[in-house]
Amino acid sequence: MDKQIKLKGDKIIEQVPSTKDKALRINLNENIYGTFAEIGAGQETVRHFFRSGGSSGTIAKAMSAYDKDFSDAIYGIEEDGRYVTESRLKKMLTHEVNLIEKRLSREKHPNKMFFSYANTVATIDFAKQFKGHGWVGIRFQIDPEEEYNDIIIHIRFKETDARLQQETLGVLGVNLIYGAFYKYNDPKKLLRYLYDHLDKDQLEIDTINFSGPRFAEVDNRLMSLQLVKNGMTDAVMFDPEGKNILPAAILYKKNILALRGSFRPVTSVNMDMYEKSLKMFLAESKVEKENTLVVFEITLSNLRSEGEIDERDFMDRAELLCSLGQTVMISNFQEYYKVVEYFSAYTKARMGLAMGVNNLVDIFDEKYYRHLSGGILEAFGKLFYRDLKVFLYPMLGDDGEIITSENLKVHPRMKELYKFFKFNGKVVDIDDFDPHNLQVFSREVLKMINHGKTGWENMLPLGIAEIIKKHQLFGYDPNKVLEETK
């Protein structure tokens, strides 16, 4: 019998089962049984199961309702008339699971774990202008007596060939189904394994939501963070209820006001900046309140301020921003121009950035743009060429003076460039600010909380201190406060 040779210096490599092995393992499990409904991009996922052998024990039905009238007759008509939407995918999953339960007797199949896999996808168009995207999901059981679980993702294709996109979708589908049954106990790993035999330059996953009894403890905001952390997408968003939302859907044709910060914790400065800049933004021409979205953005670099990302710390920040009714974005954009570029992919409407003086001075630092062939001029072209305005919140100088856009100091070489943007109205001061806020710094507040000191409460928006104390966020320890006050 051959003995496997191991050499000094050999590294342990995780064995990733092939796509065929994954499909075969599911096919050979006599209890996994379900349907495939695929709209757009062919029937690429089910093809793998048909080809790997033993598929009759897995596939109850495979279909593609390509014709719109057929699709509407089966799944119902969408209000917006679109077909590649989360709403359509959910209708597909609900319809197909109901059919399984209706047509297959539980008495005849007492041990069967039913599932329904579905996707609704648009691949690249002939003009190659729209690269294609889609919704992919699975509704499944891990125990016949249990309720169903859902995993729903939104994908964007990066390849520029329809056939390649179809093949990519097929592999992703197998990874999702395999992950649902064999990795459900570790959603973070399940997420990473979606890219088995795929590359990040083939596919982007920008939204994911887990639900059901097996994922009762999963916080989808944390799963969103994994997408950015793993390089699966550049930005994710969630709403005030903490539900992950598709950036393209919420940003589409909107006026956007963005506030970047660490929000660790969110302070009265952040909220004053938000309220005053929003008031000024809404007073602009071309900006309508009902079409305006405010985004609180946290960059990965902000989350990594102390080395590795602290997930508990991230959740504390998310908790507070959501409690204030804000839409939150986590991004991989260190430079502001990249944020604006990202928004510009979804909207041509007017945009605003609210920031402090120190942030604006940073923007005029050339070191951030050395990787660009056009340097700082290229970055500023991308930043200020758009219909964009910076709303500037003042700060206190070393001598107690108030620094605004009129007296801030940038590098001498950048002086004329700054004056150009200032003269053209791209930078405007927030005049109606609360002077008390200029003494508030989130890092000081955090230090006071950590060291059990009092007095930080009145530096935060109304009700936020109570939430921090109640849920013991940011290392708040009531026992430490008692010790301090003895």
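From a predicted model like this one, the values you see are computed outputs, not experimental measurements.

About the cut-offs
Residues numbered from 1 in each chain as written. Predicted model: local features only at pLDDT ≥ 70, side-chain atom pairs only at ≥ 80, totals over all residues. Heavy atoms only, no water. Helix = DSSP H or I, 4+ residues; strand = E, 2+ residues; numbered from the N terminus. Buried < 20%, exposed > 50% of the residue type's maximum accessible area, 1.4 Å probe, protein only. Areas by Shrake-Rupley, 256 points an atom, 1.4 Å probe, with all protein chains shown as cover. Lys, Arg positive; Asp, Glu negative; His and termini not counted. Charge placed at Lys NZ, Arg CZ, Asp CG, Glu CD. Salt bridge = Lys/Arg side-chain N within 4 Å of Asp/Glu carboxyl O. Pairing = 2+ DSSP bridges. Contact = heavy atoms within 4.5 Å. Axes fitted to C-alpha atoms, helices over the stretch in contact; angles between N-to-C directions. Parallel < 35°, antiparallel > 145°, perpendicular 65-115°, else oblique. Left-handed = near helix turned anticlockwise from the far one by under 90°. Nonpolar A, V, L, I, M, F, W, Y, C, P; charged D, E, K, R; others polar. Arc of directions from axis to C-beta. Core = buried A, V, L, I, M, F, W, Y, C linked by side-chain atoms within 4.5 Å. Right-handed = clockwise from strand over helix to strand, strands pointing away. Phe/Tyr/Trp six-rings, centres within 6.5 Å; stacked < 30°, edge-to-face > 60°. Lys NZ or Arg CZ within 6 Å of the ring centre and 35° of its normal.

K.L.:
Any chance you could explain the overall build of the protein chain here in plain terms?
P.N.:
Tallying secondary structure elements over the protein chain gives 18 helices and 16 strands in all. In terms of overall dimensions, the protein chain has a C-alpha envelope of 80 × 65 × 55 Å along the principal axes. Looking at the protein chain residue by residue over its 486 residues, the buried ones come to 53%. Total accessible area on the protein chain stands at roughly 24300 Å², and carbon and sulfur atoms take up 50% of it. A gap of 3 Å separates the mean positions of the 67 positive and 72 negative side-chain charges of the protein chain.

K.L.:
Quick question: what am I supposed to make of the pattern of salt bridges here?
P.N.:
Pairing between side chains of opposite charge can happen when their charged atoms approach one another. Within the structure shown, the criterion is met by 34 salt bridges. A salt bridge links R156 to D206, with the shortest nitrogen-to-oxygen separation between them at 3.2 Å. Highlighted residues: R156 in strand β5 (residues 149-157) and D206 in strand β6 (residues 203-211), separated in sequence by 50 residues. The partner of K276 in a salt bridge is D272, and the shortest N-O contact between them spans 2.7 Å. Of the two residues, K276 and D272 are both situated in helix α9 (residues 268-282); the distance of four residues between them amounts to about one turn of the helix. Taking relative accessible area as the criterion, K276 reaches 17% and is therefore assigned buried. A relative accessible area of 7% means that D272 is categorised as buried. Linked by salt bridges that have partners in common, E284, K286, R350, D387 and K389 make up one network.

K.L.:
I'm lost on the sheet that holds strand β7 (residues 235-238) in this one. Help?
P.N.:
What holds strands together in a sheet is hydrogen bonding between their backbones, with the strands either parallel or antiparallel. Here eight strands make up an open sheet; going across it, the order is β8-β7-β11-β10-β9-β12-β13-β16 and the pairing mixed. Looking along the sheet, the strands with just one partner apiece sit at the ends: β8 (244-245) and β16 (427-429). The sheet contact formed by strand β10 (residues 292-299) and strand β11 (residues 327-331) spans five bridges and is parallel. Opposite E297, over in β11, you have M329 as the bridge partner. Packed on one face of the sheet, helix α7 (residues 220-229) meets β7, β8 and β11 and runs near 170 degrees to β7.

K.L.:
Whenever I open this one, the packing of helix α11 (residues 311-323) against helix α17 (residues 464-471) confuses me. Can you help?
P.N.:
For any two helices packed against each other, one specifies the inter-axial angle together with the distance between the axes. Closest axis-to-axis distance for the α11/α17 pair is 10 Å, and the angle between their directions is 140 degrees. In terms of their interaxial angle, α11 and α17 are classed as oblique. Here α11 and α17 pass one another in a crossing that is right-handed. Contact residues: R312, L320 and S323 in α11; I464, I467, I468 and H471 in α17. In terms of residue class, the contact of α11 with α17 is made up of four nonpolar, two polar and one charged.

K.L.:
Explanation requested: helix α1 (residues 19-28) in the structure shown.
P.N.:
It helps to recall that an α-helix has 3.6 residues per turn; residues three or four apart then point in one direction. Those residues of α1 lying buried are T19, K22, A23, I26 and N27. One face of α1 carries all of its buried residues, which in axial projection span an arc of 135 degrees. Exposed and facing more than 90 degrees away from the buried side of α1 are K20 and L28. Where α1 is buried, its residues contact β1 (32-39), α2 (44-52), α5 (162-182) and α6 (187-193).

K.L.:
What am I meant to see in the sheet that holds β6 here?
P.N.:
Pairing is mixed across the open sheet formed by six strands, whose spatial order is β2-β1-β3-β4-β5-β6. Edge positions in the open sheet fall to β2 (59-63) and β6, since each of these has one partner strand only. Adjacent strand axes in the sheet meet at a mean angle of 10 degrees, parallel and antiparallel pairs treated alike.

K.L.:
I'm lost on the nonpolar core in this one. Help?
P.N.:
Across soluble globular proteins, nonpolar side chains show a tendency to be buried alongside one another. By size, the foremost hydrophobic cluster in this structure holds 92 residues, and its most contacted members are I151, L172, I330 and I468. Ranked by residue count, the leading element in this core is α5, at nine residues. Setting aside residues no more than four positions away along its own chain, I468 makes contact with P265, L320, I449, W456, L460, L473, F474 and Y476. V84, I245, A248 and L293 belong to the second largest nonpolar core, which has 57 residues in total.

K.L.:
Honestly, the pairing of strand β9 (residues 255-260) in this entry has me stumped. Any pointers?
P.N.:
The side chains of a regular strand alternate between both faces of the sheet. The element β9 is extensively covered by neighbouring structure, given that six of its six residues are classed as buried. The pairing of β9 with β10 spans six bridges and is classified as parallel. Residue I256 lies in a different strand from β10, and its bridge partner there is L293. Note that the unit made of β9, α9 and β10 has a crossover that is right-handed. Alignment of β9 against strand β12 (residues 351-356), held across four bridges, turns out to be parallel. Across the sheet, the residue bridging to L257 is G352, located in β12.

K.L.:
Any chance you could explain the packing of aromatic side chains here in plain terms?
P.N.:
We describe a pair of aromatic rings using the distance from one ring centre to the other and the angle between the two ring planes. Tallied over the entire structure, the rule returns 24 aromatic pairs. Both rings, one in F333 and one in Y342, keep their centres 5.3 Å apart while their planes meet at 45 degrees; by these two values the pair is tilted. Residue classification places Y342 among the buried residues on the basis of a relative accessible area of 11%. With a centroid separation of 5.2 Å and an interplanar angle of 75 degrees, the aromatic rings of F420 and F421 are classed as edge-to-face. With relative accessibility at 8%, the residue F421 sits in the buried group. A cation over an aromatic ring shows up here: K112 above the ring of Y33, its NZ or CZ 5.3 Å from the ring centre. Just above the ring of Y336 sits the side chain of R260; from NZ or CZ to the centre is 4.5 Å.

Such coordinate-based values are descriptive only and should not be taken to indicate function.
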